[in-house]
Amino acid sequence: MRITGIMPDEPCPLSIGATGTVIRTTYGAISQIDVSWDDGRNLMLIPEDPFEIISTTADAAHSDGVAEPDVGQAR
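Rules of the game
- Residues numbered from 1 in each chain as written.
- Predicted model: local features only at pLDDT ≥ 70, side-chain atom pairs only at ≥ 80, totals over all residues.
- Heavy atoms only, no water.
- Helix = DSSP H or I, 4+ residues; strand = E, 2+ residues; numbered from the N terminus.
- Buried < 20%, exposed > 50% of the residue type's maximum accessible area, 1.4 Å probe, protein only.
- Salt bridge = Lys/Arg side-chain N within 4 Å of Asp/Glu carboxyl O.
- Core = buried A, V, L, I, M, F, W, Y, C linked by side-chain atoms within 4.5 Å.
- Contact = heavy atoms within 4.5 Å.

Draft legend 1. Summary view of the overall build of the protein chain. Helix and strand counts for the protein chain come out as one helix and four strands. Along the protein chain, helices (α) and strands (β) appear in the sequence β-β-β-β-α when read from the amino end. The proportion of buried residues among the 75 residues of the protein chain is 27%.

What follows is the structure in structure tokens.
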């Protein structure tokens with residue numbers, strides 16, 4: 001997961017380009033994405049936040065050894 005833009009409603013936003021690993025997601029009246037940020041911060045994302053999903057080499061490698069990132073916005 002990588003932050004791609006400014007988080008205007010967050011009083012202490014993550015920096016653009018910050019990366020982390022998704023721990024879990026919750027769906028319901030309030031959907032949230034729990035992320036373990038590489039800089040040690042604890043901040044959950046909501047689907048409206050500016051982010052993209054990126055893959056690691058370990059989970060994106062194909063049999064030919066080429067990794068393709070999964071880019072998109074979670075909804």
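So, next bit.
Draft legend 2. Spatial organisation of the pattern of salt bridges. Scanning all chains against the criterion turns up two salt bridges. Asp-34 is the partner of Arg-24 in a salt bridge, and the nearest nitrogen-oxygen pair spans 3.1 Å. Here Arg-24, found in strand β2 (residues 20-26), pairs with Asp-34, found in strand β3 (residues 32-37); they are ten residues apart in sequence, far enough to count as distant. Classification of Asp-34 by relative accessible area gives buried; the value is 15%.

Draft legend 3. Region of the structure containing the environment of Asp-9. Checked against the element boundaries, Asp-9 lands in the loop between β1 (2-3) and β2. What makes Asp-9 exposed here is its relative accessible area of 76%.

Draft legend 4. Spatial organisation of the nonpolar core. If you look at the biggest cluster of nonpolar residues, it comprises eleven residues: Met-1, Ile-3, Met-7, Leu-14, Ala-18, Ile-33, Val-35, Trp-37, Leu-43, Leu-45 and Phe-51. Counting residues per element, this core draws most heavily on β3, which supplies three residues. Setting aside anything within four residues of it in sequence, one finds Leu-43 in contact with Met-7, Glu-10, Cys-12, Leu-14, Val-35 and Trp-37.

Draft legend 5. The environment of Met-44, seen in detail. Here Met-44 is to be found in the loop between β3 and β4 (51-52). Residue class for Met-44 comes out partly exposed when judged on its relative accessible area of 33%. Counting along the chain gives 22 residues from Met-44 to Val-22, while the straight-line C-alpha distance between them is 9.6 Å. When residues no more than four places from it in sequence are discounted, the contact partners of Met-44 are Gln-32, Ile-33, Asp-34 and Asp-49.

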